[in-house]
2 protein chains.
Amino acid sequence: MKIGVLGTGMVGVAIATKLAELGHELTMGARQAGNEKAVAWASEAGENAGEGSFADACLDAELVFNCTAGMFSLEALRAAGADNLSGKVLVDVANPLDFSQGMPPTLSACNTDSLGEQVQREFPDARVVKALNTVNASVMTDPGSVPGDHVVFVCGDDDLAKQRVIGLLGEIGWPADRVVDLGDISAARGTEMYMPLWLRMMSSLGTPQFNIALAR
Amino acid sequence: MKIGVLGTGMVGVAIATKLAELGHELTMGARQAGNEKAVAWASEAGENAGEGSFADACLDAELVFNCTAGMFSLEALRAAGADNLSGKVLVDVANPLDFSQGMPPTLSACNTDSLGEQVQREFPDARVVKALNTVNASVMTDPGSVPGDHVVFVCGDDDLAKQRVIGLLGEIGWPADRVVDLGDISAARGTEMYMPLWLRMMSSLGTPQFNIALAR
């Protein structure tokens with residue numbers, strides 16, 4: 001599948017690397033084509049990896065991952081262009097963490113809104129699926145690195161889009177019975193507002209290499 | 001131990017019943033002494049169970065559980081009286097869920113504040129420990145009703161107070177290795193902001209009878 005990954009940070013690199021390894025055709029998008037990190041990544045990631053602007057990464061993609069920093073995601077998606085996102089599955093991995101006031105970060109949207117909903121509202125023709133934003137980059141793309149049947153969440157308004165994302169998660173190593181469908185995109189409030197608990201658990205455990213499992 | 005439980009709802013009844021069964025001396029507090037539910041509870045719960053006003057419940061207690069609805073907790077604690085809370089361990093089980101705008105509820109404090117912090121700020125001489133607010137009443141007092149090594153959280157500024165609460169949680173059925181200490185009271189933001197995710201998981205799973213375990 002042709003996949004665009006927006007963002008050149010740890011999450012973007014981890015997702016793009018994993019998907020390229022799985023044989024997908026990847027374009028890593030940045031503010032401008034020729035971004036140093038994206039060029040370095042593409043040159044290492046093999047023949048099915050390229051780079052370009054945010055718009056370049058979305059142009060021919062069937063599916064797009066938003067791995068930009070949450071505070072800049074809407075700006076990045078605007079640069080990608082609504083037309084380039086129209087009809088496409090847009091996997092929103094970002095958390096709207098605002099570090100501008102120091103630690104701990106706050107959320108720029110929460111309680112009555114979420115980044116996932118903001119993205120869906122501003123790009124109504126994109127098929128937004130919030131996913132993978134509850135684990136760090138290495139757990140995300142290597143779930144086996146943490147033992148046990150820990151889970152990730154998906155939510156979104158488009159059931160077929162969710163099914164495609166669940167399929168792709170299966171390729172990455174998240175079997176369907178470890179993907180919890182929380183319903184429509186407003187559930188992004190739940191997974192984004194989990195961040196403050198995640199951050200405190202990380203401090204207590206002394207590692208970001210953990211996740212939650214459901215006991216029932 | 002002499003324990004006051006503020007609140008006559010499901011959580012208050014569950015906590016008070018469990019602690020009375022364990023042999024503690026319980027007083028259930030309500031807005032006014034003679035509250036119908038509190039009287040009914042006390043008459044069923046045996047010799048070491050009584051009832052009274054919020055202030056009555058705190059007066060001789062060594063430890064107080066706030067099991068009132070989060071939106072009314074500060075008012076209830078004011079009625080209990082700062083003097084009656086001074087120096088005492090105050091276990092805050094409430095979530096600041098605001099149902100006034102319908103479903104889903106929002107949080108009346110979040111992101112840059114929490115109910116736990118509000119309580120500690122308004123009652124600086126109480127030794128506030130946020131605990132047990134991430135599970136429903138039946139899981140809270142009967143952790144064995146859900147299989148697996150699922151966890152609960154504590155946080156608070158007073159380490160000795162936390163140790164006492166962790167001890168009491170052990171009596172209830174939460175061994176210390178399943179109680180995650182998240183640090184100071186500001187971590188209450190984390191456990192309270194987990195509510196939207198908890199509510200969506202409850203919808204997806206079709207039951208409130210679940211919890212999360214840590215995988216690491």
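Calculation notes
Residues numbered from 1 in each chain as written. Chains lettered and ligands numbered in written order. Predicted model: local features only at pLDDT ≥ 70, side-chain atom pairs only at ≥ 80, totals over all residues. Heavy atoms only, no water. Salt bridge = Lys/Arg side-chain N within 4 Å of Asp/Glu carboxyl O. Helix = DSSP H or I, 4+ residues; strand = E, 2+ residues; numbered from the N terminus. Buried < 20%, exposed > 50% of the residue type's maximum accessible area, 1.4 Å probe, protein only. Contact = heavy atoms within 4.5 Å. Buried area = accessible area lost by both parts, 1.4 Å probe. Polar contact = N/O pair within 3.5 Å; in protein donor to acceptor, adjacent residues only side chain to side chain. Nonpolar A, V, L, I, M, F, W, Y, C, P; charged D, E, K, R; others polar. Pairing = 2+ DSSP bridges. Axes fitted to C-alpha atoms, helices over the stretch in contact; angles between N-to-C directions.

**Q** What exactly am I supposed to notice about the pattern of salt bridges here?
**A** Opposite charge on two side chains permits pairing when their charged atoms draw close. Enumeration according to the criterion identifies 22 salt bridges over all chains in this entry. Across the salt bridge formed by aspartate 158 of chain A and arginine 127 of chain A, the nearest N and O atoms sit 2.7 Å from each other. Linking aspartate 158 of chain A in the loop between strand S9 (152-156) and helix H8 (159-172) with arginine 127 of chain A in strand S8 (residues 127-131), this pair joins segments that are 31 residues apart in sequence. Across the pair glutamate 117 of chain B and arginine 189 of chain B runs a salt bridge, and its minimum N-O distance is 2.8 Å. Residue glutamate 117 of chain B is located in helix H6 (residues 115-122), and its partner arginine 189 of chain B is located in helix H9 (residues 188-193); the two are separated by 72 residues in the primary sequence. This pair shows no difference in class: glutamate 117 of chain B is buried, exactly as arginine 189 of chain B is. Linked through salt bridges whose partners overlap, the residues forming this network are Asp92, Lys130 and Glu192 of chain A.

**Q** Sorry, what's going on with the interface of chain A and chain B here?
**A** When the parts come together, some accessible area is lost, and that loss is often what is quoted as the size of the interface. Taken together, the contact between chain A and chain B spans 35 residues of the former and 35 residues of the latter. Across the chain A to chain B interface the summed buried area is about 2900 Å²; carbon plus sulfur atoms make up 67%. Remark: the boundary between chain A and chain B carries 2 salt bridges. Close ionic contact of aspartate 184 of chain A with arginine 200 of chain B constitutes a salt bridge, the shortest N to O distance being 3.2 Å. On inspection of chain A and its partner chain B, the count reaches 13 residue pairs in polar contact (both at pLDDT 80 or more). Mapped onto the side of chain A that touches chain B, the elements with two or more residues apiece are strand S7 (106-107), strand S10 (179-181), helix H9 (188-193), helix H10 (195-205) and strand S11 (211-215) of chain A. Looking at the side of chain A that touches chain B element by element, the count peaks at 6 residues for H10 of chain A. Split by residue class, the side of chain A that touches chain B holds 20 nonpolar, 11 polar and 4 charged. As judged from the 5 bridges shared by S11 of chain A and strand S11 (residues 211-215) of chain B, these two strands associate in the antiparallel manner. Paired with isoleucine 212 of chain A across the bridge in S11 of chain B is leucine 214 of chain B.

**Q** Sorry if this is basic, but what is going on with the sheet that holds strand S2 (residues 25-30) of chain B here?
**A** Strand pairing in a sheet relies on backbone hydrogen bonds. The paired strands run either parallel or antiparallel. All names here are of chain B. Spatially, the 8 strands line up as an open sheet ordered S3-S2-S1-S4-S5-S8-S9-S10, and their pairing is mixed. The strands lining the two open edges of the sheet, one partner per strand, are strand S3 (49-53) and strand S10 (179-181). Each neighbouring strand pair of the sheet contributes to a mean axis angle of 25°, computed without reference to strand direction. Here strand S1 (residues 2-6) runs beside S2; their pairing, made up of 5 bridges, is parallel. For isoleucine 3, the partnering residue across the bridge sits in S2 and is leucine 26. The sheet contacts of helix H2 (residues 36-45) involve S2 and S3, and relative to S3 the element is tilted by about 160°. Its contacts with the sheet put helix H8 (residues 159-172) on S1, strand S4 (63-66), strand S5 (89-92), strand S8 (127-131), strand S9 (152-156) and S10, and the angle it makes with S9 is roughly 160°.

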